[in-house]
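Close look at the chain arrangement
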Amino acid sequence: FYTDTCGNKTLCRMFGITPSTLSLVLKQAEQALERALLLIPEAGIYWPSKDDQRRLAEAVKRKTDGLIDGRWGFIDGKNSPVEEPTNIDLQNAMYNGWLHSVFVTGCFCFAADRTVAWGKHNFVGSWNDGETSRDFVEALINPDLSLEGHGVVADTAFPVSSACFSRIIT
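Residues numbered from 1 in each chain as written. Predicted model: local features only at pLDDT ≥ 70, side-chain atom pairs only at ≥ 80, totals over all residues. Heavy atoms only, no water.

1. Details of the confidence of the model for the chain
This is how it is decided: Per-residue confidence from the prediction method is given by pLDDT, with values spanning 0 to 100. Each helix is a run of DSSP H or I of at least 4 residues and each strand a run of E of at least 2, with the numbering of both proceeding from the N terminus.
Of all residues in the chain, 93% have pLDDT values of 70 or greater, and the mean over the chain is 85. Element-level pLDDT for the chain is lowest in helix 5 (residues 129-132), with a mean of 72, against a maximum mean of 96 in helix 3 (residues 50-63).

And the structure:
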């Protein structure tokens, strides 16, 4: 899904092209963007190593005068508005009752050094942060990937299961 409320019909009218041409152009643009991003290391999404987690947590602790300890990043969900689908079942799945609109949703985790440590997008709008971040939680509780006593900060709406109670603070 593209996160714009403008539909394909409108784009075709705006640019004077057929739907098949729009599809082809969008597909080629996606492929070009993917190739370009592979050449830019800063555009990557990387889980921080244990050494990086320790270093980032120390930076956060210094910046907060010791108030936040052992936290190397933050996670939050995001909603992107999209055109309402004509298929009623798809529209129902994408409808977010809390925000009273149609969205695609996802979660991103940003490390304290402003890099993206983890991300998932393009879930239907009815899914909450807990549903979209299951893979993140698995990585966070994996002792091969994450330091004991370290984790991230989240807003108070972020669900914290018992498995990662000490890893995500709100």
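Right, picking up where we left off after that structure.
2. Let's talk about the packing of aromatic side chains
By convention here, two paired aromatic rings are described through the distance between centres and the angle between planes. Note the cut-off: Centre distance within 6.5 Å is the pairing criterion for rings of Phe, Tyr and Trp, where only the six-membered ring of Trp is used; planes under 30 degrees apart are then read as stacked, over 60 as edge-to-face, and the remainder as tilted.
This structure, assessed with the given rule, holds 5 aromatic pairs. Measuring from ring centre to ring centre gives 5.3 Å for tryptophan 47 and tryptophan 72, while their planes differ by 80°; the resulting arrangement is edge-to-face. Taken together, the residues tryptophan 47 in the loop between helix 2 (19-38) and helix 3 and tryptophan 72 in strand 1 (residues 71-81) connect sequence positions 25 residues apart. Taking the centre distance of 6.2 Å and the plane angle of 35° together, the rings of phenylalanine 108 and phenylalanine 110 count as tilted. Each residue in the set Trp47, Trp72, Trp118 and Phe136 is aromatic and connected to the rest through ring pairs, giving one cluster.

3. Some thoughts on a nonpolar patch on the surface
For the record, the criterion: To count toward a patch, a residue needs a relative accessible area over 30% and no salt bridge; like charges are then connected within 9 Å, while nonpolar side chains (Val, Leu, Ile, Met, Phe, Trp, Tyr) are connected within 5 Å. Areas reported here follow the Shrake-Rupley algorithm with a probe of radius 1.4 Å; residue values treat only the protein chains shown as occluding. Salt bridge, as used here, is a side-chain nitrogen of Lys or Arg placed within 4 Å of a carboxyl oxygen of Asp or Glu. Only protein chains enter the accessibility calculation, which uses a 1.4 Å probe. A residue is then buried if its area is under 20% of the maximum for its type, exposed if over 50%, and partly exposed in between.
Residues Leu33, Leu37, Leu39 and Ile40 make up a contiguous nonpolar surface patch of roughly 400 Å² in combined accessible area. Along the chain, isoleucine 40 turns up in the loop between helix 2 and helix 3. Residue isoleucine 40 is classed as partly exposed on the basis of its relative accessible area of 39%.

4. Describing the pattern of salt bridges
Two side chains with opposite charge may pair up if their charged atoms get near one another. Counting across every chain of the model gives 5 salt bridges. Close ionic contact of aspartate 52 with arginine 55 constitutes a salt bridge, the shortest N to O distance being 3.3 Å. Of this pair, aspartate 52 and arginine 55 both sit in helix 3, 3 residues apart, roughly one helical turn. Given the relative accessible area of 28%, aspartate 52 is considered partly exposed. Classification of arginine 55 as partly exposed rests on a relative accessible area of 45%. As a salt-bridge pair, arginine 167 and glutamate 148 come within 3.3 Å of each other at their nearest N and O atoms. Here the residue arginine 167 occupies a position in the loop between strand 5 (151-154) and strand 6 (168-169), and glutamate 148 occupies one in the loop between helix 6 (134-141) and strand 5, the gap between them amounting to 19 residues. Classification of arginine 167 by relative accessible area gives buried; the value is 7%.

5. Points about unusual backbone geometry
One non-glycine residue, aspartate 65, lies in the positive phi region at around 50°. Classification of aspartate 65 by relative accessible area gives exposed; the value is 72%.

6. Digging into the side chain of serine 146
Note the cut-off: We define a polar contact as two N or O atoms separated by no more than 3.5 Å, with the added condition that, inside protein, one atom must be a possible hydrogen donor and the other a possible acceptor, whereas residues neighbouring each other in sequence contribute only through side-chain atom pairs. It only takes one pair of heavy atoms within 4.5 Å for two residues to be counted as in contact.
Structurally, serine 146 is set in the loop between helix 6 and strand 5. Polar side-chain contacts of serine 146 include one of 3.0 Å to the backbone oxygen of alanine 139. Here the side chain of serine 146 touches leucine 140 through a polar contact of 3.3 Å, landing on its backbone oxygen. Aside from chain neighbours lying at most four places away, what touches serine 146 is Trp47, Lys50, Gln53, Ala139, Leu140 and Arg167.

7. Digging into the environment of leucine 140
Here leucine 140 lies in helix 6. Overall, the relative accessible area of 0% leaves leucine 140 in the buried class. The spatial distance from the C-alpha of leucine 140 to the C-alpha of valine 104 is 24 Å, given a sequence separation of 36 residues. Leucine 140 has contacts with Trp47, Trp72, Ser146, Gly151, Val152, Arg167 and Ile168, leaving out every residue within four places of it along the chain.

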